[in-house]
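Okay, here's what each chain looks like letter by letter:
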Amino acid sequence: MPKPDPRPARNRDVYLLFAHAPYYPGPGTQEINTTVVAADSLLHPQVCQPDGARIHDLLTRGRQPGEIIPLSTLTHELDGGADWPAVGDWERVTTDLVQLVHWGNCDALNLGLPEIARALVCSGPHSHVRAFDAAAGEFIDYGSEERSAALAEVGAFLASLVAEEDLWPGDGLLAPLARRP
């Protein structure tokens, strides 16, 4: 009887969500501080390689179709970020992805997340964010439930956007990393 493969399968139909320095795409527009791209955008030749391909491999293993994975979740999975050096330079890769989006070389969902939602997706899946409510004179603790709600809201918006056509990851993509036995 064949043994099941202990390595989770790769699912390329996932998305990377990452925060970045806020910018305004034009006069009178909302601040953009977070971006969602198709996982395959990490394989774009204008993204730092092989780092993009390694992050793509990490991002797509064992995920569900349509899943949005925040960069902070990858950091959590990499021992709180201690293992990032073995994977790649996530800062350079996300900077390259923002440039791809600016140049129109891939599709993206650009978001202006509110402060608390942005803080929640920038922290790990089990982290808490505390904010002071001046009107009530007390601290409010936001945790994994609110993070899940923020991701669900982004997911619903993304689902409506890609209902007819998925996000275009760009042209001339590199091959994903080969599975090792």
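Here is what the cut-offs are and how they apply
Residues numbered from 1 in each chain as written. Predicted model: local features only at pLDDT ≥ 70, side-chain atom pairs only at ≥ 80, totals over all residues. Heavy atoms only, no water. Core = buried A, V, L, I, M, F, W, Y, C linked by side-chain atoms within 4.5 Å. Buried < 20%, exposed > 50% of the residue type's maximum accessible area, 1.4 Å probe, protein only. Helix = DSSP H or I, 4+ residues; strand = E, 2+ residues; numbered from the N terminus. Disulfide = S-S within 2.5 Å. Pairing = 2+ DSSP bridges. Axes fitted to C-alpha atoms, helices over the stretch in contact; angles between N-to-C directions. Contact = heavy atoms within 4.5 Å. Patch = residues over 30% accessible without salt bridge, like charges linked within 9 Å, V, L, I, M, F, W, Y side chains within 5 Å. Areas by Shrake-Rupley, 256 points an atom, 1.4 Å probe, with all protein chains shown as cover. Salt bridge = Lys/Arg side-chain N within 4 Å of Asp/Glu carboxyl O. Lys, Arg positive; Asp, Glu negative; His and termini not counted. Charge placed at Lys NZ, Arg CZ, Asp CG, Glu CD. pLDDT = per-residue confidence, 0-100. Phe/Tyr/Trp six-rings, centres within 6.5 Å; stacked < 30°, edge-to-face > 60°. Lys NZ or Arg CZ within 6 Å of the ring centre and 35° of its normal.

Novice: I tried to follow the nonpolar core on my own but got confused; where do I start?
Specialist: As a rule of thumb, soluble globular proteins bury nonpolar side chains together. One finds Leu 16, Leu 59, Leu 74 and Leu 97 to be the most contacted residues of the largest nonpolar core, which totals 23 residues. Residue assignment for this core shows that the elements contributing at least two residues are strand 1 (15-23), helix 1 (51-60), helix 2 (71-77), helix 3 (84-87) and helix 4 (90-103). Examining the composition of this core, we find that 5 residues originate from one element, helix 4, more than from any other. If you look at the next biggest cluster of nonpolar residues, it comprises 16 residues, including Leu 17, Ile 68, Ala 117 and Val 121.

Novice: What exactly am I supposed to notice about the state of the cysteines here?
Specialist: Covalently bonding the sulfur atom of one cysteine to the sulfur atom of another cysteine gives a disulfide. Under the criterion given, the structure shown has 0 disulfides. Lacking any disulfide linkage, Cys 48 is separated from the closest cysteine sulfur, that of Cys 106, by 16 Å. By relative accessible area, Cys 48 is classed as buried at 12%. Its sulfur unpaired, Cys 122 is 19 Å from the next cysteine sulfur, which belongs to Cys 106.

Novice: Would you take a moment to explain unusual backbone geometry for this structure?
Specialist: Note: most peptide bonds trans; most residues except glycine with negative phi. Here the bond from Gln 49 into Pro 50 is cis, since omega is 10 degrees, no more than 30 degrees from zero. Positive phi outside glycine occurs at Asp 79, with the angle close to 55 degrees. Exposure remark for Asp 79: the relative accessible area of 55% places this residue in the exposed category.

Novice: Explanation requested: the sheet that holds strand 4 (residues 109-111) in the structure shown.
Specialist: Two strands in a sheet stick together by hydrogen bonds in their backbones, pointing the same way (parallel) or opposite ways (antiparallel). Spatially, 3-1-2-4 is the arrangement adopted by the 4 strands of the open sheet, whose pairing is mixed. Bordering the open sheet on either side are strand 3 (68-70) and strand 4, each of which pairs with just one other strand. Averaged over all neighbouring strand pairs, the angle between strand axes comes to 30 degrees, with direction disregarded. Where strand 1 and strand 3 come together, 3 bridges link them in parallel fashion. Pairing of Leu 17 across the sheet is with Pro 70, part of strand 3. Where helix 5 (residues 115-122) meets the sheet, its contacts fall on strand 1, strand 2 (32-38) and strand 3, and the angle it forms with strand 1 comes to roughly 130 degrees.

Novice: Sorry if this is basic, but what is going on with a negative patch on the surface here?
Specialist: A cluster of acidic residues, Asp 13, Asp 107, Glu 164, Glu 165 and Asp 166, forms a negative patch at the surface. Turning to its location among the elements, Asp 107 is positioned in the loop between helix 4 and strand 4. Among the residues examined, Asp 107 registers a relative accessible area of 31% and is labelled partly exposed.

Novice: Any chance you could explain the confidence of the model for the protein here in plain terms?
Specialist: Atom-level detail of predicted coordinates should not be read off regions where pLDDT is low. For the protein, the average pLDDT comes to 91, and 92% of its residues sit at 70 or higher. Contacts from residues 1-6, a stretch scored under 50 in pLDDT, to residues over four places away or in other chains number 1 contact.

Novice: Please explain the packing of aromatic side chains as it appears in this structure.
Specialist: One pair of aromatic rings is described through two measures. These are the centre distance and the angle between the planes. A complete count under the given rule lists 1 aromatic pair for this structure. Ring plane angle 65 degrees and centroid distance 5.1 Å describe the contact between Phe 132 and Phe 139, whose orientation is recorded as edge-to-face. Per residue, the accessibility class of Phe 132 equals that of Phe 139, and both read exposed. Over the ring of Phe 139 we find Arg 130; its NZ or CZ atom is 4.5 Å from the centre of that ring.

Novice: What am I meant to see in the pairing of strand 6 (residues 138-142) here?
Specialist: Within a regular strand, side chains alternate between the sheet's two faces. One ladder, built from 5 bridges, connects strand 5 (residues 129-133) with strand 6; its direction is antiparallel. Residue pairing across strands places Arg 130 opposite Asp 141, the latter belonging to strand 6. Hairpin remark: strand 5 followed by strand 6, antiparallel, with 4 residues in the connecting loop; positive phi at Gly 137, about 70 degrees.

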